[in-house]
Structures are given as C-alpha cells and as structure tokens.
Amino acid sequence: MKLGMVGLGRMGGNMTRRLLRGGHEVVVYDRSGEAVGEMVTAGAAGSSSLRDLVGGLEAPRAVWVMVPAGDATERAIDELAGLLSPGDTVIDGGNTYFKDDVARAEKLAARNLHYIDVGTSGGVWGLERGYCMTIGGPAEIVERLDPLFETLAPGPGKGGVAHGRDAPGPDAHDSSDSSEAPGSTAPRGYVHVGPAGAGHFVKMIHNGIEYGMMQAFAEGLEILRESGSDRVAPSHRYDLDLHDIAEVWRHGSVVSSWLLDLLEISLREDRDLSGYSGYVQDSGEGRWTVQTAIEEDVPAHVLTASLFTRFQSRQEESYAARVLSALRHQFGGHVEQTRNGGGP
C-alpha cells in the first residue's frame, strides 16, 4: 500500500522503516529536513510540506500522523483536513485523549473524511519487535488498511513472552478452547476494538496498567536492595545481586514480562542505576486512566498510587512532607531525621 507518514521521530521514523521493509510505499514529512532525508535514503519519498505530501498520494489516500499528542496533532490534522479529498483517511497513532478522538472523527466526517485512532505500543524497540496496536474507527476502513497494520504488528508468536496458544510445553492450552472470535487479528499483535476513540481508550488503560506494573517492580527491588542496609538486623541482612535476581525471574517466573526484560538490561548496564535521577515524568495516559476510573466509579488503588508516586518523585522536599514532620513533632515530640538517617 501507499501511505503518508507525518512525524519522523523515534516512533514515526522506525514505523516508516518497518513499512518500507514490508514492501509498502511511504511518502514522508517532518519539520526536520534531516529526518526526511534519512527516510529518503531508506527508500521513502520525501516531501517539503503537508500539501506536498498529499500531492504524492493517490485517492483514496491514507495519512498517518505520529507527532506529539495535543496541539501539534490537532494542527496537523486540521491542515490535512483542508488538503484531503472525500473518502481519504487520517490515522492518529499518537497518545491522544480518547474523547478528543470522538470529537475529531465527527468533525472530519462532516468533510466526508475517515478517522482512525491507533493506540500504538512498542517504543524504540518496535522496528525489530513490531508494534502492538488497538484500533478504533469504521470497520470497513480498518479492513482496507489491514496490510499496513499487519506489517507493523509483531506477527503471531512474536514480540513478547510466549503464552497461551504460542507457549511451548505443558502450560500451553489448545487453541480450540479459545473464546476468541474466528479470524481475529489479536494473536498477530493488532485488533480493531471499536468505533472512534476506542483504540486510544484501550491504549490509555494499557498505559495505566503499565504504571502499576512498573511501580510494583520498583518497590520490590527497593525492598530487596534495602535488605543489605544497616537498618536490618545482621541475622536478616542479605547482600543481594539485583541483576541476577531480575535475570532469574525472566526464566519461568510468573512475573516474567517485557518490562522485566528491560529492567534486566538496565541493571546489567548500571547495577546501582546511578545514572538516573529518579525524577519520573508521566505522559498523560495515567492521569486520564485515573480520571476515567473516577467517572466510572471504579476503584483503581494501584494505578492511582503509581501515578501519585510519579508526582512525588519530582519533589525533593515536598511541603506536604514538611507538614507531616511538623505535626509529628508537635503532637508527639518526634525528632525529625535528615535524609541520611541522622537527627536535625
């Protein structure tokens, strides 16, 4: 197929390369001429503007937007809407808020343009591993674009820890017992999940779960690390190799996962993680997940706590912590300790 790709950053650039490797034609645009030049060298057709990009495609056109979610995405899609023709499709593969997808789809439908939202996961490893995708939008358009999704996806039994039908050994289950609908693309790493907004909604919850999983690994490893500290009785003190522990968990453990694989790589490269400051940013999906949980009256203790922990990581000495310390001193005469464990 022929596709327009807008945005050639870490995700968009590698997705373009994967599509080119799969035999697709890609017309690319980015504000960085250097990024465009790199993709041209890889086999793409370059363009100097969105108008130029649209001119390089044949109807019915499909343009995939991979720029930072928010104003940048909105501006790009608004400009494309004025350049595309009825029957053309805009694909947003970023991390857009799902409610914005619904409004955007309605706006584009008034111009007889189709809108597809794709929750895309795979990060910088996606070029080789493939991208997991949850897709929202009209079923007939998703089906027409299937060759693109199939190329970008990991494929059956690839891109992750083997499980279920793909798992070897006694824990594998018979695929005939699966409740999955016949012909589903889910085992290949992509699936159409519903109308406009559904793709990004599922990706939002995916990222909220990711926050909780990451926090669980972080807290568990800190407990393991502190078992060797002076605060622990000598008889219960252990000098543990955290890298070895992460590595052994990767083999047969119920917590084995891609996140654990990445943790092992980090510990292999830097046993103390001394190169990291501990300031943890969030990209928005965690906040939206908690907000949605509130709207749905769903208790989400772990996801909420993991989000708030990220906020706390950005406060070296928060005012709230000072209030707690002051109150403990006032009602109980508790002596405040410094960060190194000593008194004031």
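Scroll up for the structure.
Residues numbered from 1 in each chain as written. Predicted model: local features only at pLDDT ≥ 70, side-chain atom pairs only at ≥ 80, totals over all residues. Heavy atoms only, no water.

K.L.:
Sorry if this is basic, but what is going on with the packing of helix α10 (residues 242-249) against helix α11 (residues 258-269) here?
P.N.:
Relative orientation and spacing of two packed helices are given, respectively, by the angle between their axes and the distance between those axes. One way to put it is that α10 packs onto α11 with a least axis distance of 9 Å and a crossing angle of 155 degrees. As summarised for this structure, α10 and α11 are arranged roughly antiparallel, according to the angle between their axes. Judged by the sense of rotation from one axis to the other, the crossing of α10 with α11 is left-handed. Listed contacts from α11 to L242, H243, A246, E247 and W249 of α10 are L260, E264, L267 and R268. When its residues are assigned to classes, the contact of α10 with α11 shows 5 nonpolar, 1 polar and 3 charged. (Axes fitted to C-alpha atoms, helices over the stretch in contact; angles between N-to-C directions. Helix = DSSP H or I, 4+ residues; strand = E, 2+ residues; numbered from the N terminus. Parallel < 35°, antiparallel > 145°, perpendicular 65-115°, else oblique. Left-handed = near helix turned anticlockwise from the far one by under 90°. Contact = heavy atoms within 4.5 Å. Nonpolar A, V, L, I, M, F, W, Y, C, P; charged D, E, K, R; others polar.)

K.L.:
What am I meant to see in helix α9 (residues 198-226) here?
P.N.:
At 3.6 residues per turn, the α-helix brings residues three or four places apart onto the same side. The terminal C-alpha atoms of α9, which comprises 29 residues, lie 42 Å apart, in line with the 42 Å expected from a rise of 1.5 Å per residue. Regarding α9, the residues found buried are A198, G199, H200, K203, M204, N207, G208, Y211, G212, Q215, F217 and L221. (Expected span 1.5 Å × (residues − 1). Buried < 20%, exposed > 50% of the residue type's maximum accessible area, 1.4 Å probe, protein only.)

K.L.:
Help me understand the sheet that holds strand β1 (residues 2-6), please; the structure alone is not making it clear to me.
P.N.:
Remark on secondary structure: sheet strands pair via backbone hydrogen bonds, oriented parallel or antiparallel. The 8 strands are arranged β3-β2-β1-β4-β5-β6-β7-β8 in an open sheet whose pairing can be described as mixed. The sheet terminates laterally at β3 (45-46) and β8 (190-194), the two strands that pair on one side only. In the sheet, strand β7 (residues 132-136) pairs with β8 via 4 bridges, with the strands oriented parallel. Residue pairing for β8: I135 is matched across the bridge by H192. Each of β5 (89-92) and β6 (114-121) touches helix α5 (residues 98-109); the most contacted strand, β6, lies at about 150 degrees to it. (Pairing = 2+ DSSP bridges.)

K.L.:
Sorry if this is basic, but what is going on with the packing of aromatic side chains here?
P.N.:
Aromatic ring pairs: the centre-centre distance and the angle between the two ring planes describe each pair. Following the criterion strictly, the structure yields 6 aromatic pairs and no others. With 6.0 Å between their ring centres and 65 degrees between their planes, W64 and F149 make a pair best called edge-to-face. You can see W64 sitting in strand β4 (residues 62-65) and its partner F149 sitting in helix α8 (residues 146-152), a full 85 residues away along the chain. Aromatic rings pair up to connect Y97, F98, F201 and W288 into one cluster. Positioned over the ring face of W258 is R129, at 4.0 Å from the centre of the ring. Over the face of the ring belonging to Y211 we find R310, whose NZ or CZ atom lies 3.6 Å from the ring centre. (Phe/Tyr/Trp six-rings, centres within 6.5 Å; stacked < 30°, edge-to-face > 60°. Lys NZ or Arg CZ within 6 Å of the ring centre and 35° of its normal.)

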